[in-house]
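Each chain, letter by letter, is given below.
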Amino acid sequence: MSGHHDHSHGHHDHGHDLPFWRKYIFSVDHKMIGCQYTVTALLFLFFGFTLMMIMRWQLAYPGQAIPFIGQYLSKDIAADGVLVGDGYNAFGAMHGTIMVFLAIVPLAVGGFGNYVLPLQVGAPDMAFPKLNMMSYWVYFCGGVTMLTSFFIKGGAAASGWTSYPPLSVFASSGQTVWLLGMVLLITSSLLGSVNFIVTTVQMRAKGLSFFRLPFFVWAQLVTSFLLLLAFPPLEAAGVLQLMDRLAGTSFFMPSGLVFSSEPQTHMSGGGSPLLWQHLFWFLAHPEVYVLILPAMGIVSEVIATNTRKPLWGYKSLVYSVIFLGFMSFIVWAHHMFMTGMGTTLSTFFQATTMVISVPSVIVLTCLILSLYGASIRYNTPMLFALAFLPMFAIGGLTGLPLGLTASDIHLHDTYYVIGHFHYVVAPGTIFAMFAGIYYWFPKVTGRKMSEFLGKLHFWPSFVFINVVFMPMFFQGMAGLLRRQYDQTEQLHGSIAHGLTKMSSYGAWLLALAQLPFIINFFYSMFKGRKVDANPWESTTLEWAAPSPPPHGNFDKTPVVYCGPYEYSVPGKSKDYCPQHVAMEA
C-alpha cells in the first residue's frame, strides 16, 4: 500500500503547476471532468427546455407569433414569427434528443458519476484518465454537431427523437447531422462506461468489498454495463441509416415505396423499416434505466444521510438494480406493439414488461421504508429526494397500461405516453439531479448553497412540474395524439384546450421557478457559507477527502472498516460512523 500512497502524493504535487488549458480545459482529473460535464449538461438542459417552451406556445396559441424571439427564427422554423409544422417537428425531435442524450445522461453519469464515484471507492482518479478526458470532448463535439444542424439549409432533424425510417431517410440534411452527432455521443458513452467499470472493480480502497460499496456506486456500475452493451446496436443502426441517406444502400428502405404519390424507383429497396425500430429500442429501452438508476443512487445517498439510519434492505436494493439491468434488455419491443409483430411475441414482451416493474417497486419500497421512524432533516437535497419518490411512482404506474398489449392500442402515440415518461424523467430524474447538486455542492466547492433559495426553487418547481404533465394523462385518455403542432382540429371540446393552456402556463412558470436555482448556484460558488469537509455528517468515503478534494483526492489513502450506512449505531457517542474510521469495540 505504501507505494500507492506515494503515488497519490506524486499526483498531488503536480496538480498545481499545470498551465490553465491543461488544468481547466483538457484536464485529466476526474473532478474537473465531472464539473465540465455538469455545467455543459445543465446548459443543454436549459436549451432543451427553451425549445419545449416555444412548442408549448404554439400548442396553447396556434397560429400566433411567438413573443420575444419569433422574429429571429429562420424561415425553416417560423413564418412571420409563427412556428410552422416543420419547425415544430424539428423542435420536438431536438428537444427529445437534447434532453436525453445531451442533458440527463451526461449529468447523471458524466457529471455525478465522474465526480463522486472515484471518491466513493477511495480511488485517486479514474482508471483511465486520458480516456475520461476524451469521453468528455467527444460528447462536447457531438453536442455542438447537433446544435449546428439548426443553422443548415432545411433546418434540424425533424423525424422525432426516434428517427423512424423511411421518413428519416427522406428527411432534410439536418437528419444526417443528427446521425453524425449521435455516433459521437454514443462513442463518448462507451469510453466513459468502460472507465467506470474498471475503476469500480479494480480501484476500490482496501477493505471496500462489493457489499460495502455505497448504493450510488452500484447504480453507476449497472448503468455502465447498460451503456456498454446497449449502445453499440444503435451506433451500428446510425451508421446504417447514414449509408441509406448518403450511399444509396437500403438497409431500412422497403421496395415499392411511394412518397408524396411519387413511386421511389431510384431506391433499390428490399430493406426493413422495422429493423431500425428493433435496433433503436434495443438501446432506448435500457436507456430509460440509464436515466433512472443514477437518480435512484443519488436519492438513496441523500435519504440515508438525512434520515440518520441505514438504508432499509441494502442488499435487496443491490440485487434489484442488477436484476433490473438484466431485464431491461428483454423488454424493448413493448414500444412496438403496433407494428403487427404477432400476438405470441407481443405477449412475451408484455410479460417481461410486467416483470421489470417489480425491481423498481422494490427500490421504491426500500426507500420509503427507510423513512419509517426516522428523524428526518428537511433540507433542500432531502426535499428533492422525497419528491422523487411519488413522482417516479406516478411515472411507473402509468407505464403499466402501456406495457399491456390491449390498452396500448388506445394509448399508443397519445399525450398519455408523454405524461408517463416525463413523470419518470422530469419530476423524477431531474429532481434527483437537483438533490445531488445541492447535496454534493459543498464537496465540490467547499461552500453550501443557500437553504432559503433552495426551498424557493423546490416548492414552485414541484407544483408547476405537476401542472405541466398531469393534464396530459387526461388528454391522452381522451385520444389527443402527440406530435401535432396544431390541435384545434382535434380539440372540439373546450376542456381539452383548457388543459393544453394549463400545461403551457405550467411550463413557463416552471422556467421562472428555476431562477432561484441559477442565482443560488453561481452566488454560492463564490459567496456561499464555507463548510468543513463533511457538512452533512455522512459516512461514505467521499466525505473523507478535503472539500474541494486536491489532485489525487485523499491526503492519505483511505482504508475501509465497515458498511456504507453506519448511522445511529447503538452505544456509539456520535450518530454516524464513517467508513474510513475504525469502529471502537
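Before reading further, recall that the structure is shown in the block above.
Residues numbered from 1 in each chain as written. Predicted model: local features only at pLDDT ≥ 70, side-chain atom pairs only at ≥ 80, totals over all residues. Heavy atoms only, no water.

### So, the overall build of the protein
Thinking step 1. Summing up its helical and strand segments, the protein has 17 helices and six strands in all.
Thinking step 2. Taken over C-alpha atoms, the radius of gyration comes to 24 Å for the protein, in line with the 25 Å a tight globule of 585 residues would show.
Thinking step 3. Along the first, second and third principal axes, the C-alpha set of the protein runs to 80 × 55 × 50 Å.
Thinking step 4. Buried residues in the protein amount to 57% of all 585 residues.
Thinking step 5. Residue pairs at least 24 apart in sequence account for 80% of intrachain contacts in the protein once pairs closer than 6 positions are excluded.
Thinking step 6. Surface summary for the protein: the accessible area is close to 23,300 Å², and the carbon and sulfur share equals 70%.
Thinking step 7. Here the protein contributes 28 positively and 25 negatively charged side chains, and the mean placements of these two sets differ by 9 Å. (Helix = DSSP H or I, 4+ residues; strand = E, 2+ residues; numbered from the N terminus. Rg over C-alpha atoms; globule rule 2.2 N^0.38 Å. Buried < 20%, exposed > 50% of the residue type's maximum accessible area, 1.4 Å probe, protein only. Contact = heavy atoms within 4.5 Å. Areas by Shrake-Rupley, 256 points an atom, 1.4 Å probe, with all protein chains shown as cover. Lys, Arg positive; Asp, Glu negative; His and termini not counted. Charge placed at Lys NZ, Arg CZ, Asp CG, Glu CD.)

### Examining a nonpolar patch on the surface
Thinking step 1. The grouping of F46, Y505, L509, L512, L515, I518, I519, F522 and Y523 at the surface amounts to a nonpolar patch, some 900 Å² of accessible area in total.
Thinking step 2. The dominant element in the nonpolar patch, judged by the number of residues it contributes, is helix α17 (residues 515-527), at five residues.
Thinking step 3. With respect to the helices and strands, the residue I519 is situated in helix α17. (Patch = residues over 30% accessible without salt bridge, like charges linked within 9 Å, V, L, I, M, F, W, Y side chains within 5 Å. Salt bridge = Lys/Arg side-chain N within 4 Å of Asp/Glu carboxyl O.)

### Describing the side chain of T176
Thinking step 1. Structurally, the position occupied by T176 is in helix α7 (residues 174-202).
Thinking step 2. Assessed through its relative accessible area of 13%, T176 is described here as buried.

### Quick word on the nonpolar core
Thinking step 1. The biggest cluster of nonpolar side chains holds 168 residues, and the ones touching the most others in it are M94, F215, L293, F388 and L389.
Thinking step 2. Looking at which element gives the most residues to this core, the answer is helix α4 (residues 85-120), with 20 residues.
Thinking step 3. Excluding its chain neighbours within four sequence positions, the residues that come into contact with L389 are V299, I303, L364, L367, I368 and L371. (Core = buried A, V, L, I, M, F, W, Y, C linked by side-chain atoms within 4.5 Å.)

### Details of the packing of helix α10 (residues 314-327) against helix α11 (residues 343-371)
Thinking step 1. Running from N to C, α10 and α11 cross one another at 155°; their axes reach a closest spacing of 9 Å. Our classification of the angle between α10 and α11 gives roughly antiparallel. Both α10 and α11 take part in a crossing whose hand is left-handed. Across the interface between the two elements, S316, L317, S320, V321, F323, L324 and M327 from α10 touch T352, V355, I356, P359, S360, I362, V363 and C366 from α11.
Thinking step 2. Per-class residue counts for the contact of α10 with α11 are 11 nonpolar, four polar and no charged. (Axes fitted to C-alpha atoms, helices over the stretch in contact; angles between N-to-C directions. Parallel < 35°, antiparallel > 145°, perpendicular 65-115°, else oblique. Left-handed = near helix turned anticlockwise from the far one by under 90°. Nonpolar A, V, L, I, M, F, W, Y, C, P; charged D, E, K, R; others polar.)

### Side note on the environment of V222
Thinking step 1. If you trace the backbone, V222 turns up in helix α8 (residues 215-246).
Thinking step 2. With 103 residues separating them along the chain, V222 and G325 place their C-alpha atoms 6.2 Å apart.

### Things to note about unusual backbone geometry
Thinking step 1. That bond from P165 to P166 is cis: its omega, 5°, falls within 30 degrees of zero.
Thinking step 2. If you trace the backbone, P166 turns up in the loop between α5 (129-148) and α6 (167-170).
Thinking step 3. P548 follows S547 through a cis peptide bond whose omega is -10°.
Thinking step 4. By the element assignment, P548 lies in the segment after β6 (529-530).
Thinking step 5. Phi angles above zero are rare outside glycine, and R483 is one such case at about 60°.
Thinking step 6. Its location among the elements puts R483 in the loop between α15 (451-477) and α16 (494-513).
Thinking step 7. What makes R483 partly exposed here is its relative accessible area of 41%.

### Looking at the side chain of S135
Thinking step 1. Secondary-structure assignment places S135 in helix α5.
Thinking step 2. For S135, the residues in contact, after removing those within four places along its chain, are Y37, S188, L191 and G192.

### Description of the pattern of salt bridges
Thinking step 1. Counted by the stated rule, this structure contains five salt bridges.
Thinking step 2. Here D29 ties to K31 by a salt bridge, and the two come within 3.0 Å at their closest N and O atoms.
Thinking step 3. With a relative accessible area of 6%, K31 lands in the buried category.

### Looking at α5
Thinking step 1. An ideal rise of 1.5 Å per residue puts 28 Å on 20 residues; α5 measures up with 29 Å between its terminal C-alpha atoms.
Thinking step 2. Residues N132, M133, S135, Y136, V138, Y139, G142, G143 and M146 constitute the buried set of α5. (Expected span 1.5 Å × (residues − 1).)

### Quick look at α7
Thinking step 1. For α7, with 29 residues, the first-to-last C-alpha span of 42 Å sits near the 42 Å given by 1.5 Å per residue.
Thinking step 2. Buried residues dominate α7, accounting for 22 of its 29 residues.

### With respect to the packing of aromatic side chains
Thinking step 1. Going through the model one piece at a time under the given rule, you end up with 56 aromatic pairs.
Thinking step 2. Clustering of aromatic rings is evident, with ring pairs tying together F384, F431, F434, Y438, F441, F458, W459, F462, F517, F521 and F522.
Thinking step 3. Directly above the aromatic system of F210 lies the positively charged group of R204, at a separation of 4.0 Å from the ring centroid. (Phe/Tyr/Trp six-rings, centres within 6.5 Å; stacked < 30°, edge-to-face > 60°. Lys NZ or Arg CZ within 6 Å of the ring centre and 35° of its normal.)

The values reported here are purely geometric and, on their own, carry no functional implication.
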